[in-house]
Amino acid sequence: MKTTQLALAAAFALLAVASVTSANAQQRTREAVEAEAIAAAHAPNQNVTRGSRGADPFTSTADADAMYKQAVDTAHAPNQNVTRGSRGADPFTSSRDPAQVYNEAMATAAAPDQNVTGGSRVNSKVISTMKNPVLQSAQSK
């Protein structure tokens, strides 16, 4: 019962919308539609997209003197056209102890298995049984 009432209410709503739309369409006369069409046909730039006949007029909101000063300051700035690193490397500041870095580098360079990779086709892992002479000398000290 509720479904039929809902369907009936929807039908009445559609009928009301259709009658309002047809009433609005009937209010315009043929002469009014023709006059509107003639006015649209004689309108300037009717088929031209925006910007196709040149840029739109531009009105700046910035202060001209401030913009001029900024341009002059930028033109006189040192290294204005230089990309980073084109005049040599940036200064480097290490955050580690140089002696520790040196010891690690010497141990790595003296490692007997340094050129052996840890994996293979079957994902095996290489476990070194050889002693590193640099680490042995450091431990004995």
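Above this text is the structure in question.
Here is what the cut-offs are and how they apply
- Residue positions within a chain follow its written sequence, with the count starting from 1.
- Owing to the predicted nature of the model, reporting of local features is limited to residues with pLDDT of at least 70; listing and counting of side-chain atom pairs is limited to 80 or more, with chain, interface and lining totals taken over all residues.
- Only hydrogens and water are removed before side-chain values are computed, so all heavy atoms of the structure are retained for them.
- Here, a salt bridge means any Lys or Arg side-chain nitrogen found within 4 Å of an Asp or Glu carboxyl oxygen.
- Think of it in three bands: residues with accessible area under 20% of the maximum for their type are buried, residues over 50% are exposed, and the middle band is partly exposed, with areas taken using a 1.4 Å probe on protein chains only.
- Working definition: helices are DSSP H or I runs of at least four residues, strands are E runs of at least two. Numbering for both runs from the N terminus.

Caption draft 1: Expanded view of the pattern of salt bridges. Per the counting criterion, the structure on display carries three salt bridges. Residues Glu 36 and Arg 28 are paired through a salt bridge, measuring 2.8 Å at the closest nitrogen-oxygen approach. Judged by its relative accessible area of 45%, Arg 28 is partly exposed. Among the ionic pairs, Asp 73 bridges to Lys 69, the shortest N-O distance being 3.0 Å. Taken together, the positions of Asp 73 and Lys 69, both in helix 3 (residues 64-75) and four residues apart, correspond to about one turn of that helix. Since its relative accessible area comes to 43%, Asp 73 is described here as partly exposed. According to the relative accessible area criterion, Lys 69 is exposed, its value standing at 52%.

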